[in-house]
Amino acid sequence: MFNSQQLTLADSFSPHRIHTRHKQNGSKSKRRKPLVLVVDDERLIADTMTEILRRCGFHAVCAYEGKSALELARHNAPDFVLTDVVMPVMNGVELAIEIRKVLPDTEVILLSGQAGISDILSNGREKGYSFELFAKPVHPEKLLKRLKGE
Amino acid sequence: MTCKIRTELLQDGLLGLERHLLPAVSRLYGQDALIVTDADANVVYWSRSATRIFGYSAEEMVGNPLSRTIPVELQAKEEKMVNSLVPGALKRYETQRVCRDGRRIAVRASICALGGLADEPAGVLRSEREIPAGPDASVTASHLAAIVESSNDAIVSSDLDGIVTSWNKAAQRLFGYAPEEMIGRSILSIVPEDLHSEEREILRKIRAGKRIDHYETRRIGKDGTVVEVALTISPIRDRFGNVVGSSKIGRDISERKEMERRLIESEKIAATARMAANIAHEINNPLDSVMNLIYLARLNLTASSKARPCLLAAEGELERVSHLARQALGYYRDPGAAVEIHLGTLLEEVLSVYRSKLLAANIAVDCAFDQRRPIKASEDELMQVFSALVVNAIDAMPAGGVLTIETRELAEQGVEILVSDRGTGISTENLPKIFEPFFTTKGHLGTGIGLWVAHQLVEKRGGRIAIDSRTEPTCSGTTVSVFLPFQR
């Protein structure tokens, strides 16, 4: 059975491994497995999604709030970021904007349970940013298909 | 003085009084008409000044009723005034009299009861002085009358019994009654029945000399419409300070009240939307976790595992709960940017979502789309509007039928969309409530949100939505018409 304790941020993420992968491959297109950064303040969602991605052909790391997610993204240049929208301190749209500024090739996908996201998305659009949005609950297969480009 | 009069009365009756005392008093108060009436209000003494003021001689008046000098409409009031007199006490008031030549004059009257045998009032001693209606007074009066007539506020006066004594033009505009229809009539005729006790309370306060400021209430116009008014009511006093009536200044506040109601309604809706959004968030997050957990559990199983169908069924049920949560709570969503839309394409997309449901319910779809010019709107919002209409049409025809959807351009103004079903129809008593939040005719199967949200979204886009329904068995059905203008 899945054990969420095994998937804390420190355990699930290995900067060294990913850094090495970058050095070896040189560009994203040559990576064996795409790297996905999963961000959600609901730990169970972040952990389960990360585990699903790992089992389905992706490298995956997770963060439980925006600021550490941004640090992780800066250091590891993920191919995809799957982030919740409504989060304390830094919301998903703010995170997505910051990531796009430093990593224009990273695809950011927002996931939301729909509470109060209208204003958050409008603020993002006013700054010239728009992002793909999936409404929670989203079936993992739907997300996997999107990430695999199927 | 009272003792002396009583002694005279005992000795000689009123004639003795007339002989000895009154001429002397009359000389002392030369400018006042001095009049004595008996218990039946017949004149027993009429001074020279009374003749000078009223034109009637003593011969004409003595033995005759005083009422010939009192205007008809004031006679009951005068009688009431006399009957309430306590022997020995003095009462002062202003009133009107009719002279021999028909002129009406204003008088300041002082009356005093004359004691009789066994303390029965034997009569009334009156002193009446004419109030000169000089040129200044008339100028002031006409000036004030012009102000009252040109006022935008309804200004109405009534006596202490609530009988209307004046009614300005603004009152006519506001309530629909002309002055001649209202003067002499009770003010209660414009007061709704459930507020009659309120009017009595107002009169009680006015009698006590109190003023009522900015009192918000309802009144009924001539055509039966309810008018919401703010009233300022003040007592009208005569020169001696007696309250003789009331003045009411009324302002129409119907528009403001309607705006207040709309504001409260939209605040309620916004609060409900916020609450729904929060509930949606609280429900959707655990659903997302459970969906991931079931998927993970499935990944751990072999293809032949007996748990596999159970997990697949659980996933299916979870999808169902997600759909319900989205339908019931998902109306608070980001509208997205406005884009150019051809409604035919959008409606076909809506129909494709519900294709399996339409097939299952044995409903045929008949579409006729005629729109060349696109409209600019949020695709997501219009999807929500037409999804609600299509779902309602499907639910209205559980035994099958035909769903008709038509679009047509209306003379450069916009596009009209008609969604019709041949279901059982909506009863007349339910029709007015159909766009109210949480009203449903589907029992526990409905949320009462679909049409309410559709209404909100269409109006927000500057359009209109209307519903027409028939319940006659041979031609029952419902048509919802939506109009969306090209220009917002």
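Everything below is about the structure printed above this text.
One structure accompanies this document, and this report is about it. Keep in mind it's a predicted model, so treat the numbers as computed, not measured. (Residues numbered from 1 in each chain as written. Chains lettered and ligands numbered in written order. Predicted model: local features only at pLDDT ≥ 70, side-chain atom pairs only at ≥ 80, totals over all residues. Heavy atoms only, no water.)

Moving on: the overall build of chain B. Counting secondary structure elements, chain B contains 15 helices and 17 strands. Put simply, of all contacts in chain B between residues at least 6 apart along the chain, 54% involve residues at least 24 apart. Here chain B displays about 26600 Å² of accessible surface, and carbon together with sulfur accounts for 55% of that area. (Helix = DSSP H or I, 4+ residues; strand = E, 2+ residues; numbered from the N terminus. Contact = heavy atoms within 4.5 Å. Areas by Shrake-Rupley, 256 points an atom, 1.4 Å probe, with all protein chains shown as cover.)

This next bit is on the packing of helix 12 (residues 343–353) of chain B against helix 14 (residues 379–396) of chain B. All names here are of chain B. As a packed pair, helix 12 and helix 14 sit with axes 10 Å apart at the nearest point and diverge in direction by 55 degrees. Classed by the angle they form, the pair helix 12 and helix 14 counts as oblique. In this structure, helix 12 meets helix 14 at a crossing whose hand is right-handed. Note on element contacts: helix 14 touches helix 12 through Glu 379, Leu 382, Met 383, Phe 386, Ser 387 and Val 390, opposite Leu 343, Leu 346, Leu 347, Glu 349, Val 350 and Leu 351. Its residues placed into classes, the contact of helix 12 with helix 14 shows nine nonpolar, one polar and two charged. (Axes fitted to C-alpha atoms, helices over the stretch in contact; angles between N-to-C directions. Parallel < 35°, antiparallel > 145°, perpendicular 65-115°, else oblique. Left-handed = near helix turned anticlockwise from the far one by under 90°. Nonpolar A, V, L, I, M, F, W, Y, C, P; charged D, E, K, R; others polar.)

Residues and elements named next belong to chain B. Here the structure, examined in full by the defined rule, presents two aromatic pairs over all chains. For the pair Trp 46 and Phe 54, a centre-to-centre distance of 5.7 Å together with 45 degrees between the ring planes defines the contact as tilted. Residue class for Trp 46 comes out buried when judged on its relative accessible area of 5%. Here Phe 54 falls in the buried class, since its relative accessible area comes to 2%. Residues Trp 167 and Phe 175 carry aromatic rings whose centres are separated by 5.7 Å and whose planes lie at 45 degrees to one another, so their mutual orientation is tilted. The residue whose ring lies beneath Arg 373 is Phe 486, and the NZ or CZ to ring-centre distance is 4.0 Å. (Phe/Tyr/Trp six-rings, centres within 6.5 Å; stacked < 30°, edge-to-face > 60°. Buried < 20%, exposed > 50% of the residue type's maximum accessible area, 1.4 Å probe, protein only. Lys NZ or Arg CZ within 6 Å of the ring centre and 35° of its normal.)

Let us now look at the layout of surface pockets. Residue and element names in this part refer to chain B. Looking at the second largest pocket, its volume works out to about 1200 Å³. What lines the second largest pocket is a set of 35 residues, and nearest its centre among them are Leu 74, Lys 77, Glu 94, Asp 159 and Val 244. Examining the composition of the lining of the second largest pocket, we find that six residues originate from one element, strand 3 (residues 90–98), more than from any other. Residue composition of the lining of the second largest pocket, grouped by class: 14 nonpolar, nine polar and twelve charged. (1 Å grid on protein atoms, 1.4 Å probe; cavity = no way out; pocket = protein on both sides within 12 Å on 5 of 7 lines; lining within 4 Å. Points joined across faces, edges and corners; volume = space filled by probe spheres on them.)

Residue and element names in this part refer to chain B. By the secondary structure assignment, Arg 207 is in helix 9 (residues 196–207). Sequence separation of Arg 207 and Gly 245 is 38 residues, and the distance between their C-alpha atoms is 7.9 Å. Arg 207 has contacts with Leu 160, Asp 161 and Val 243, leaving out every residue within four places of it along the chain.

Residues and elements named next belong to chain B. Where helix 14 contacts helix 15 (residues 450–460), the axes come no closer than 9 Å and their chain directions differ by 145 degrees. Both helix 14 and helix 15 take part in a crossing whose hand is left-handed. Contacts from Glu 381, Gln 384, Val 385, Ala 388, Leu 389 and Asn 392 in helix 14 reach Gly 450, Leu 451, Val 453, Ala 454, Leu 457, Val 458 and Lys 460 in helix 15.

So, on to the pairing of strand 16 (residues 464–470) of chain B. Residues and elements named next belong to chain B. Only one face of strand 16 is covered, namely the one carrying Ile 465, Ile 467 and Ser 469; the face carrying Arg 464, Ala 466, Asp 468 and Arg 470 has none of its residues buried. Of the strand pairs in this sheet, strand 16 and strand 17 (residues 477–485) are connected by seven bridges, and their pairing is antiparallel. Residue pairing for strand 17: Ser 469 is matched across the bridge by Thr 478. Between strand 16 and strand 17, which pair antiparallel in sequence order, lie six residues. (Pairing = 2+ DSSP bridges.)

Residue and element names in this part refer to chain B. When the terminal C-alpha atoms of helix 9 are compared, their 17 Å separation across twelve residues agrees well with the 16 Å that a helix rising 1.5 Å per residue should span. Within helix 9, the full set of buried residues consists of Glu 198, Glu 199, Ile 202, Leu 203 and Ile 206. Along the axis of helix 9, the buried positions cluster into a sector of 145 degrees, meaning they face one direction only. Elements that come into contact with the buried residues of helix 9 comprise strand 6 (154–159), strand 8 (212–220), strand 9 (226–237) and strand 10 (243–252). Of the residues flanking the end of helix 9, it is Gly 209, one or two places downstream, whose phi is positive at about 80 degrees. (Expected span 1.5 Å × (residues − 1). Arc of directions from axis to C-beta.)

Quick look at empty space enclosed by the protein now. Scanning the model with the defined rule gives five cavities of 30 Å³ or more in all. Looking at the largest cavity, its volume works out to about 80 Å³. What lines the largest cavity is simply B:Ala154, B:Val156, B:Phe175, B:Ile187, B:Ile190, B:Arg219, B:Leu231, B:Lys248 and B:Gly250. Contributions of two or more residues to the lining of the largest cavity are made by strand 6 and strand 10 of chain B. Counted as a void, the second largest cavity has a volume near 60 Å³. Taken together, A:Val38, A:Val39, A:Asp40, A:Ile45, A:Met49, A:Leu82, A:Leu111, A:Lys136, A:Val138, A:Leu143, B:Asp288 and B:Asn292 make up the full set of residues lining the second largest cavity. For the lining of the second largest cavity, the elements supplying multiple residues, two or more each, are strand 1 (35–39) and helix 3 (43–55) of chain A together with helix 10 (254–299) of chain B.

What follows covers the side chain of A:Asn91. Position of A:Asn91 among the secondary structure elements: in the loop between strand 3 (80–84) and helix 5 (92–102). Among the polar contacts made by the side chain of A:Asn91, one reaches the main-chain amide nitrogen of A:Val93 at a distance of 2.9 Å. (Polar contact = N/O pair within 3.5 Å; in protein donor to acceptor, adjacent residues only side chain to side chain.)

One turn of the α-helix equals 3.6 residues, which is why residues spaced by three or four share an orientation. For helix 5 of chain A, the full list of buried residues reads A:Gly92, A:Val93, A:Leu95, A:Ala96, A:Ile97 and A:Ile99. Regarding helix 5 of chain A, its N-cap is A:Asn91, as a side-chain oxygen of that residue lies 2.9 Å from the backbone nitrogen of A:Val93 further along.

The next point concerns the pattern of salt bridges. Residue and element names in this part refer to chain B. Within the structure shown, the criterion is met by 31 salt bridges over all chains. Notably, a salt bridge pairs Glu 128 with Arg 97, separated by 2.9 Å at the nearest N-O pair. Within this pair, whereas Glu 128 is found in strand 5 (residues 121–130), its partner Arg 97 is found in strand 3, the two being separated by 31 residues in sequence. In terms of burial, Glu 128 and Arg 97 fall into one category: buried. The network of salt bridges with shared partners includes Glu 78, Arg 97, Arg 126 and Glu 128. (Salt bridge = Lys/Arg side-chain N within 4 Å of Asp/Glu carboxyl O.)

Time to look at the environment of B:Ser67. Of note, B:Ser67 is situated in the loop between helix 4 (58–61) and helix 5 (75–83). For the pair B:Ser67 and B:Asn42, spaced 25 residues apart in sequence, the C-alpha to C-alpha distance is 8.3 Å.

Further remarks concern a nonpolar patch on the surface. Nonpolar side chains collect at one region of the surface, where B:Met275, B:Ile279 and B:Ile283 lie side by side and expose about 240 Å² of accessible area between them. Mapped onto the elements, B:Ile279 comes out in helix 10. (Patch = residues over 30% accessible without salt bridge, like charges linked within 9 Å, V, L, I, M, F, W, Y side chains within 5 Å.)

A few words on the sheet that holds strand 10 of chain B. All names here are of chain B. The five strands are arranged 7-6-10-9-8 in an open sheet whose pairing can be described as antiparallel. Each edge of the sheet is formed by a strand with only one pairing partner; in this case those strands are strand 7 (164–167) and strand 8. With strand direction ignored, the average angle separating the axes of adjacent strands in the sheet is 30 degrees. The pairing of strand 9 with strand 10 spans nine bridges and is antiparallel. Within the sheet, the bridge partner assigned to Pro 235 lies in strand 10 and is Ser 246. Contacts from helix 9 reach strand 6, strand 8, strand 9 and strand 10 within the one sheet, and its direction differs from that of strand 8 by about 150 degrees.

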